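# Observations on chain architecture
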Amino acid sequence: MQMSSLKKLSLGLQHILAMYAGAVVVPLIVGAAIGLTPAQLTYLIAIDIMMCGVATILQAWKRQYSGIGLPVVLGCTFTAVGPMIAIGNTYGIPSIYGAILAAGLFVVIIAKYFSRLIRFFPPVVTGSVVTIIGITLVPVAMHDISGGQGSADYGSGLNLALGFGTLAVILVLFRFGEGFLKSIAILCGIVIMTFISGFFGMVDFSAVSEANWLHLPRVFYFGLPEFNIVPILTMMLVTIVGLIEATGVYFALGDICDEDIGQEDLKRGYRAEGWAILLGGIFNAFPYTTYSQNVGLVQLSGIKSRQIIYIAGTMLILLGLVPKIGAAAVAIPTPVLGGAMLAMFGMVVSYGIKMLSRVDFEDQNNLMIVAISIGMGLGVTALPDLFAIVPDSLAVITESGIVLGSLTAIILNIAFNARLSFLRYKRQNRHIIE
């Protein structure tokens, strides 16, 4: 399908708006918690946005040894927030980046071996993981619709009106719009409701006026990295968690794009994430992972072209170099973003259900795998303090509904369907075995 440059830019911008809040929030939270100065925080946000673009292009660009070649968008992983704050406050900022560099190299090295676990990801597992990802993220969208957790006007009528108003605009455009207008329904919903929010004093452009016009990246801005064993092991665990999440996203996108994801594809995808983490560590950015909201956006828009992702990645790089432009996206009211995210996260859930439709539910084992894994994911999301007794070193696993639910699906599939998984793997790789 031929598209004009304006249409391509609009679709790229839509991907940026879908992930921008998450990419900005992570450095904001970590920077504030470890005591960065305003100047340092400005650098951190700008470099993170720029490296999000670099990481996205690395992943979408399919090469012999690296890159999944799917319409993937990468952003800062929320899984690393707690561990990075703990490392920074205990060992210092240089130790954070020493751990990130070591973890990035670790991912590059294990990519080949981790990809061999594909036999443990049949549709009953991948469908459950994708469903869990969507379900556990929906509360995030609902909190944002209410104004954001901890906000003074949480749950106010205005917040709810703006949030659900955004969702209504998206639904109307999706139902009655045609062609390109339908494909940018999310973008239109955000722009229209942000404009309306301005009449209620909900749009704040102070971040734009305070931001710099030009911001060049610097190697080891926060000093030379330090390598301490405990932070390194912690960050390695974080990256393994990220690979598990990424696996579900890869399979979902492969399904949407009608591409079979095999061991070689996973190896290139994991390796690209490792290189992205390494580069981020060199320029003092944070670890990256695939963003689920952009999967929902691909499904909603129906645009599966990697060219759009390259455009989005390039725009992210430019936004990182010119923070004043990038800061404009921060002006979007939280409820408006929440309304858009509800549509996108909901699409992730529905696509997970579609993947599960291929599962043989006459087999009671499969019913139990789906039931318990989704139950665990949803349960931990609803009660995040359920495993407060667990040591802090393992909290990265037990506090995340996505991680715990995904691990549950993998473990139960091994327990119930181990023989079937082995036979399937042996049949698919007979030429290698022989």
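Owing to the predicted nature of the structure, the values given are computational and were not obtained by experimental measurement.

Rules used in this analysis
For every chain, the first residue of the written sequence is number 1, and numbering continues from 1 onward in sequence order. Totals for whole chains, interfaces and linings use every residue, but because this is a predicted model, local features are given only for residues with pLDDT of at least 70 and side-chain atom pairs only at 80 or more, for both listing and counting. Side-chain calculation: all heavy atoms of the structure are included, whereas hydrogens and water are not. The way it works is that DSSP assigns letters per residue, a run of H or I at least four long becomes a helix, a run of E at least two long becomes a strand, and they are numbered from the N terminus. In this scheme, a residue with accessible area under 20% of its type's maximum is buried, one over 50% is exposed, and one in between is partly exposed, where area comes from a 1.4 Å probe on protein chains only. By definition, residues are in contact when any of their heavy atoms lie within 4.5 Å. For accessible areas, the Shrake-Rupley method is used with a probe of radius 1.4 Å. Any residue's cover is judged against the shown protein chains and nothing else. Nonpolar cores are built from buried Ala, Val, Leu, Ile, Met, Phe, Trp, Tyr and Cys residues. Side-chain atoms within 4.5 Å join them into one set. In this analysis, axes come from line fits to C-alpha atoms, helices being fitted only over the stretch in contact, and the angle between any two N-to-C directions falls in the range 0 to 180 degrees. When an angle is under 35 degrees it counts as roughly parallel; over 145 it counts as roughly antiparallel; between 65 and 115 it counts as roughly perpendicular; any other value is oblique. By definition, any crossing whose near helix is turned counterclockwise from its far helix by less than a right angle is left-handed, and any crossing with a clockwise turn is right-handed. Residue classes follow a fixed rule: Ala, Val, Leu, Ile, Met, Phe, Trp, Tyr, Cys and Pro count as nonpolar, while Asp, Glu, Lys and Arg count as charged, and any other residue, Gly among them, counts as polar. The term salt bridge refers to a pairing of a side-chain nitrogen on Lys or Arg with a carboxyl oxygen on Asp or Glu at a separation within 4 Å. Every definition here rests on a 1 Å grid over the protein atoms only: cavities are sets of points where a 1.4 Å probe fits but cannot get out, pockets are open sets enclosed by protein on both sides within 12 Å along at least five of seven lines, and lining residues have some atom within 4 Å of a point. Grid points are joined across faces, edges and corners, and a volume is the space filled by probe spheres set on the points. Residue count minus one, scaled by 1.5 Å, sets the expected span of a helix.

Let's shift gears to the overall build of the protein. When helices and strands are counted, the protein shows 19 helices and two strands. By residue count, 57% of the 434 residues in the protein fall in the buried class. Excluding contacts between residues fewer than 6 apart, the proportion of contacts in the protein whose partners are at least 24 apart in sequence is 84%. Put simply, the protein shows about 18600 Å² of open surface, and 66% of that area lies on carbon and sulfur atoms.

If you look at the biggest cluster of nonpolar residues, it comprises 124 residues, and the most contacted ones within it are M84, M235, F286 and Y288. The element that contributes the greatest number of residues to this core is helix α10 (residues 229–256), accounting for 13 residues. Not counting chain neighbours up to four residues away, the residues in contact with M84 comprise V26, V30, I34, I96, I100, M235, F286 and P287.

With that settled, the discussion passes to the packing of helix α6 (residues 157–176) against helix α15 (residues 334–356). The geometry of α6 relative to α15 is characterised by a closest axis approach of 7 Å and an angle of 40° between their N-to-C directions. As summarised for this structure, α6 and α15 are arranged oblique, according to the angle between their axes. Between α6 and α15 lies a crossing of right-handed hand. Packed against α6, whose contacting residues are N159, L162, G163, F164, T166, L167 and I170, the element α15 presents P335, V336, G339, A340, L342 and A343 at the interface. Among the residues making up the contact of α6 with α15, the classes are represented as nine nonpolar, four polar and no charged.

The subject of this paragraph is the pattern of salt bridges. For the coordinates displayed, the defined rule picks out four salt bridges. We note a salt bridge from D255 to R358, for which the minimum N-O separation is 2.5 Å. Here D255, found in helix α10, pairs with R358, found in the loop between α15 and α16 (364–382); they are 103 residues apart in sequence, far enough to count as distant. For D255, a relative accessible area of 13% corresponds to the buried category. Of the charged contacts in the structure, one is a salt bridge between E264 and K267, with a shortest N-O distance of 3.1 Å.

Here we come to empty space enclosed by the protein. This model, assessed by the stated rule, comprises three cavities of 30 Å³ or more. In this structure, the largest cavity encloses a volume near 70 Å³. Forming the walls of the largest cavity are T77, V107, V238, T239, G242, L243, E273, I277, P287, Y288 and T289. Listed by contribution, the elements that provide at least two residues to the lining of the largest cavity are α10, α11 (263–282) and β2 (288–290).

Our focus in this paragraph is unusual backbone geometry. You will see that F220, though not glycine, has its phi angle at about 50°, which is positive. Relative to the helices and strands, F220 is located in the loop between α9 (206–210) and α10. The exposure class assigned to F220 is partly exposed, which follows from its relative accessible area of 25%. You will see that N284, though not glycine, has its phi angle at about 65°, which is positive.

Relative to the helices and strands, S66 is located in the loop between α2 (38–60) and β1 (74–76). By relative accessible area, which is 5% here, S66 ends up buried. Those residues within four positions of S66 in sequence are excluded, and the remaining contacts are W61, R268, R271, A272 and W275.

Structural remark: α-helix, 3.6 residues per turn; residues separated by three or four positions point the same way. With 14 residues, helix α8 (residues 185–198) ought to run about 20 Å at 1.5 Å a step, and its terminal C-alpha atoms sit 20 Å apart, in line with that. Among the residues making up α8, those that are buried are A185, I186, L187, C188, G189, I190, M193, T194 and S197.

The N-to-C vectors of α6 and α8 enclose an angle of 140°; their axes lie 8 Å apart at closest approach. As judged from the angle between their axes, α6 and α8 are oblique. Note that α6 runs across α8; the crossing there is right-handed. Note on element contacts: α8 touches α6 through A185, I186, C188, G189, I190, I192, M193 and S197, opposite A161, L162, G165, T166, V169, I170, L173 and F174. Tallied by class, residues from the contact of α6 with α8 come to 12 nonpolar, four polar and no charged.

So, on to the environment of L412. Examined against the element boundaries, L412 turns out to sit in helix α18 (residues 401–428). Given the relative accessible area of 18%, L412 is considered buried. Spatially, the C-alpha atoms of L412 and I369 are 5.8 Å apart, while their sequence positions differ by 43 residues. With sequence-adjacent residues up to four places away left out, L412 is seen in contact with M368, I369, I372 and N417.

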